[in-house]
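Next come the chains, spelled out residue by residue.
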Amino acid sequence: MPKVLLLSDFTSAYSRLLLKGFLDYSKEIGNWNFYRIPMRRDDLKDEGSIKTVIEIAKRWHADAILGQLSEINVRKLCSLKIPIVLQNYTNRVDGVSNITGDYYGTGELAANYFLRKGFKSFAFYGTVATIWSREREDGFRTKLAEMGQTVNVYNENNNIRYESTSNIKMLQIWLMQLPRPTALFACDDVFALRITEVCGMCGIQVPQDLAVLGVDNDEILCNMSDPPLSSIVLDVKNGGYQAARHLHTIIKEQTTTPFNITIKPIRIERRRSTEGYSVTDKLVKNALQLIENKENRLISVADILNRLCVSRRVLEIHFRKEIGMSVYQYILEFRTACFAEELLSSEKSIMEIAFQLGYEDYANLSKAFKRIYGVTPTQYRNFYKYGKEKY
């Protein structure tokens, strides 16, 4: 029965969900033994704390370590000659297994989300202290640069989950100087919540003046915010499950061969902090409202033209200028995104979900889904909802 030493604070929703996936696998194959040593940020700088960890690991005969550690401490723990699974924080570390993320892709997802809402001004709030913030910023900025857009950036020196922001007044000044409206992507929900808190202090309206998007979909933090925060949902639980599965293999084989688990962004949980569109063109705004109205599941381009009393050519010119794609493409991607969300949030069959959303031709839906997401609806649901099938 494997013995795993857990070195993390597990106070964040991300860490707890990761651990939940880890535990789910352990229960499937027979309960593992765990020894938890809570690690605060200050403990990572304390040599005495790491010596204590090494002593406990030896006395308990630990088979592996899972933790959020600095590179220096990882190197010290390598003396135990047991597998180490690192929950990325400051950097990825060579020579040990990393639970990492598609941080860059998460930033791209945020950029695309705001672009499709018609925003022309963008901002990022994060920290230089963590790899996931730095790479989310890179993905966000690069995708927007491809579209000829720049990003206003404010980075903290520390992670404000553990250390309060150094200067609230400076953050407030930065927010006050942003153009109206601006789409702001925060590196995670803690940082996004800080933004809405400061906006409340200085009279900035969310989402009218500033649309705010976080990462992790921490439901407590997101709903603590006023207004509630939209957030990018990550495949965290499945990541923990896959990490445990790989760890089990290398423990059985008595090897320390490292592996990497990359946690992907799945979708955006839309709440009021990103409600509405930054579109001044009334024709385009009306078209968007028609497309995203839940009662218009079967709406077509022809329906929109009839309701707005406009020609296809005129609507396309306005729509492409504001949104950067055709009306048909927007409808297709929006409806496919709704379908993808239902696949993960509902227990109904795939065909039932398709019918509920107004799809009558499942074959065409499946083709469109695979073109956009790279997998079939069945593969998408199996992997992200049930962790059954890796692709």
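Here goes a summary of the coordinates provided.

Rules used throughout
Residues numbered from 1 in each chain as written. Predicted model: local features only at pLDDT ≥ 70, side-chain atom pairs only at ≥ 80, totals over all residues. Heavy atoms only, no water. Helix = DSSP H or I, 4+ residues; strand = E, 2+ residues; numbered from the N terminus. Expected span 1.5 Å × (residues − 1). Buried < 20%, exposed > 50% of the residue type's maximum accessible area, 1.4 Å probe, protein only. Phe/Tyr/Trp six-rings, centres within 6.5 Å; stacked < 30°, edge-to-face > 60°. Pairing = 2+ DSSP bridges. Axes fitted to C-alpha atoms, helices over the stretch in contact; angles between N-to-C directions. Contact = heavy atoms within 4.5 Å. 1 Å grid on protein atoms, 1.4 Å probe; cavity = no way out; pocket = protein on both sides within 12 Å on 5 of 7 lines; lining within 4 Å. Points joined across faces, edges and corners; volume = space filled by probe spheres on them. Salt bridge = Lys/Arg side-chain N within 4 Å of Asp/Glu carboxyl O.

## Some details on helix α5 (residues 131-146)
Taking 1.5 Å of rise per residue, the 16 residues of α5 would be expected to cover 22 Å, and the 23 Å separating its terminal C-alpha atoms lies within 8% of that figure. Within the sequence span of α5, burial applies to Ile131, Trp132, Ser133, Glu135, Arg136, Glu137, Gly139, Phe140, Lys143 and Leu144.

## A closer look at the packing of aromatic side chains
What the rule picks out here adds up to 20 aromatic pairs. For the ring pair Tyr25 and Tyr241, a centre distance of 5.4 Å and an interplane angle of 85 degrees mean the geometry is edge-to-face. Taken together, the residues Tyr25 in helix α1 (residues 13-29) and Tyr241 in helix α9 (residues 236-252) connect sequence positions 216 residues apart. Among the residues examined, Tyr241 registers a relative accessible area of 17% and is labelled buried.

## Description of the sheet that holds strand β12 (residues 265-269)
Within a sheet, each strand pairs with its neighbour through backbone hydrogen bonds, oriented either parallel or antiparallel. Spatially, 6 strands are ordered β7-β6-β8-β9-β10-β12 in an open sheet, and the strand pairing comes out mixed. The sheet is open, and its two edges are formed by β7 (151-156) and β12, each paired on a single side. Each neighbouring strand pair of the sheet contributes to a mean axis angle of 20 degrees, computed without reference to strand direction. In terms of strand pairing, strand β6 (residues 122-127) meets strand β8 (residues 182-186) through 4 bridges, oriented parallel. If you follow Tyr125 over to β8, its bridge partner there is Ala186.

## Looking at the side chain of Ser133
Residue placement: Ser133 occurs in helix α5. Its relative accessible area of 0% is what places Ser133 among the buried residues. With residues near it in sequence (within four places) discarded, Ser133 still touches Phe124, Gly126, Thr127, Asn155 and Cys187.

## Points about empty space enclosed by the protein
Here the structure, examined in full by the defined rule, presents 3 cavities of 30 Å³ or more. Within the residue set of the lining of the largest cavity, elements represented by two or more residues are α1 and α5.

## A short note on the pattern of salt bridges
What the rule picks out here adds up to 11 salt bridges. Between Glu341 and Arg270 there is a salt bridge, with its nearest N and O atoms 3.0 Å apart. Of this pair, Glu341 sits in helix α13 (residues 327-345) while Arg270 sits in the loop between β12 and α10 (282-292), and the two are 71 residues apart along the sequence. With a shortest N-O distance of 3.0 Å, Arg312 and Glu316 are connected by a salt bridge. Residue Arg312 and its partner Glu316 are located together in helix α12 (residues 312-323), separated by 4 residues, close to a single helical turn.

## Some points on the sheet that holds strand β4 (residues 84-87)
In spatial order, the strands read β2-β1-β3-β4-β5-β11; together these 6 strands make up an open sheet with parallel pairing. Edge strands, defined here as strands with exactly one partner in the open sheet, are β2 (33-36) and β11 (260-263). Each strand axis lies, on average, 20 degrees off the axis of its neighbour in the sheet, ignoring direction.

## Quick look at the pairing of strand β1 (residues 3-7)
Across the 5 residues that make up β1, a large majority, 4, are buried. Pairing analysis gives 4 bridges linking β1 to β2, with the strands arranged parallel. For Leu5, the partnering residue across the bridge sits in β2 and is Tyr35. By the bridge criterion, 4 bridges tie β1 to strand β3 (residues 64-67) in an arrangement that is parallel.

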